[in-house]
Amino acid sequence: MTDAGPRDDVALVAAYRRADERAATEIVRRHAPGLARYLHGLGAGPSDVDDLLQETFFKAFRALEGWRGEASLRGWLCTIGANLVRDGFRRSRGRTVISIEDRDLADASDPFEEVAAQETGSRLAAGLAGLPRLQREVFLLRAQQGCEYDDIARALGTTPGAARVHYHHAVKRLKELVP
Amino acid sequence: MTNCEGLSDRMPAVADGRSGWTAEEQAHLDACADCRAEWVLVGAAQGIGGTAAPRTDPEALATVVLARVRAAERADRRRATTRWALTWCGLAAAAALMLAVLFGGPDPATPEVATAASTASVTDVAFHVPLPELDGAEPEELQAVLDGLEVPLGESSTLDAGLPGDDVTQQDMERVLRAWEG
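Small disclaimer: the values here were computed from a predicted structure and weren't measured.

> So, the overall build of chain B: which residues are in play, and what are the values?
Counting its regular elements, chain B contains 8 helices and 0 strands. Ordered by position in the sequence, the α and β elements of chain B form the string α-α-α-α-α-α-α-α. Across the 182 residues that make up chain B, the buried fraction comes to 11%. Sequence separation of 24 or more characterises 31% of the internal contacts of chain B that already satisfy a separation of 6 or more.

Shown next, in the form of structure tokens:
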């Protein structure tokens, strides 16, 4: 996990179950930014991200009694969000336009590197749009969200081995698009 | 010794700053084009949606979400109460119906049932006309009533009964016909 340790999440969820609403705020604060990036990576338009976030947390808090901490909270939230994105696609019978806005990982003081990073991000976003759903979700959960394969497998209802295979297939296809 | 699989497994942690490359890993990365290509992808994936951070303040988002959760819980409770009430109403109605059938149904000695039974046993006619005044009658009285009834048509009377026979003359026939026609 990138933003929060699983033990912290377990403690926060336990506090929320004891009607501690500050715990809910803390859960949102910890996971909203990463979840927003994940939803964006799945193809949600920037204008939809806030609505999707709200709906994801709403569904999560409604079902939080059932979360036992076996899968990470981030992975679980990402799965709920991915289902919402998928449902949205199904309703609109198409894909929303993938934003190509990227955070610059390279040295922002170097305009050439910045442009290169943006180009790489654009190609990656386009490549992700062409991947099968499971490959796309596994790749983002692994490369962007930092989830372990066990966690991804639980979140997506598959095995760690299969998740690893999906990741490597995704990387292989994306390498062809992002030199 | 670092291999590609091991390096791949370490990439997310290094990309988000939780860890760093060891000298050996860095040397492998420098020498392996495949790993470098994957590393570029992982770095780019970290950057995807960097500007998609929620515009809503997390505290405000949590407030909205919790308000919706509480409203949904209240609606759940209302639905559960309604369902509970409907269930109990249904059960009460079913129980009342069952009690009515068991204890409050028509008495076998009531006129309608007795009449039907007596009518069926006394005559073979297809129509059962309720005659409550006969319910309390003794067998002799019933027999007297039966004797007083006309003999059914099919038993002894025919359409020819009472009509002139073959020995009547043409004039007699015409007289009878004229009398019928008025």
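> An account of the overall build of chain A is needed here, citing residue identities and associated values.
The secondary structure content of chain A amounts to 8 helices and 0 strands. Along chain A, helices and strands appear, N-terminal first, in the series α-α-α-α-α-α-α-α. Considering only contacts in chain A between residues 6 or more positions apart, those separated by 24 or more positions represent 67%.

> Can you lay out helix 8 (residues 170–181) of chain B for me, pointing to particular residues and giving the numbers?
In a regular helix each residue adds 1.5 Å, so 12 residues correspond to 16 Å; helix 8 of chain B covers 16 Å between its end C-alpha atoms and thus fits that length. Within helix 8 of chain B, only 0 of the 12 residues are buried, leaving the element largely exposed.

> Lay out the environment of L52 of chain A in plain terms, naming residues and giving numbers.
Among the structural elements, L52 of chain A can be located in helix 3 (residues 46–63). C-alpha separation for the pair L52 of chain A and L39 of chain A, spaced 13 residues apart in sequence, amounts to 7.9 Å.

> Residue-level account of the confidence of the model for chain A, with values.
Of all residues in chain A, 79% have pLDDT values of 70 or greater, and the mean over the chain is 81. Segment residues 93–109 of chain A is flagged for pLDDT under 50; beyond a separation of four residues in sequence, or across chains, it makes 44 contacts in the model.

> Talk me through unusual backbone geometry; I want residue IDs and the actual numbers.
You will see that A19 of chain A, though not glycine, has its phi angle at about 70 degrees, which is positive. Along the chain, the position of A19 of chain A falls in the loop between helix 1 (6–17) and helix 2 (21–41).

> Lay out helix 1 (residues 4–15) of chain B in plain terms, naming residues and giving numbers.
The end-to-end C-alpha distance of helix 1 of chain B is 16 Å, a good match for the 16 Å that 12 residues give at a rise of 1.5 Å each. What helix 1 of chain B keeps buried is the set L7, S8, M11, P12 and A15 of chain B. Viewed along the axis of helix 1 of chain B, the buried residues span an arc of 145 degrees, placing them on a single side of the element. In this structure, the buried residues of helix 1 of chain B make contact with helix 6 (133–144) of chain A together with helix 2 (23–31) and helix 3 (33–47) of chain B. After helix 1 of chain B finishes, the residue G17 of chain B shows a positive phi value of roughly 90 degrees.

> Go over the confidence of the model for chain B, please, and point to the residues and values.
With 68% of its residues at a pLDDT of at least 70, chain B reaches an overall mean of 77. Our summary of model confidence lists the complex with pTM equal to 0.63 and ipTM equal to 0.75.

Criteria and cut-off values
Residues numbered from 1 in each chain as written. Chains lettered and ligands numbered in written order. Predicted model: local features only at pLDDT ≥ 70, side-chain atom pairs only at ≥ 80, totals over all residues. Helix = DSSP H or I, 4+ residues; strand = E, 2+ residues; numbered from the N terminus. Buried ≥ 20, exposed ≤ 12 C-beta atoms within 10 Å, placed from the backbone. Contact = placed C-beta atoms within 7 Å. Expected span 1.5 Å × (residues − 1). pLDDT = per-residue confidence, 0-100. Arc of directions from axis to C-beta.

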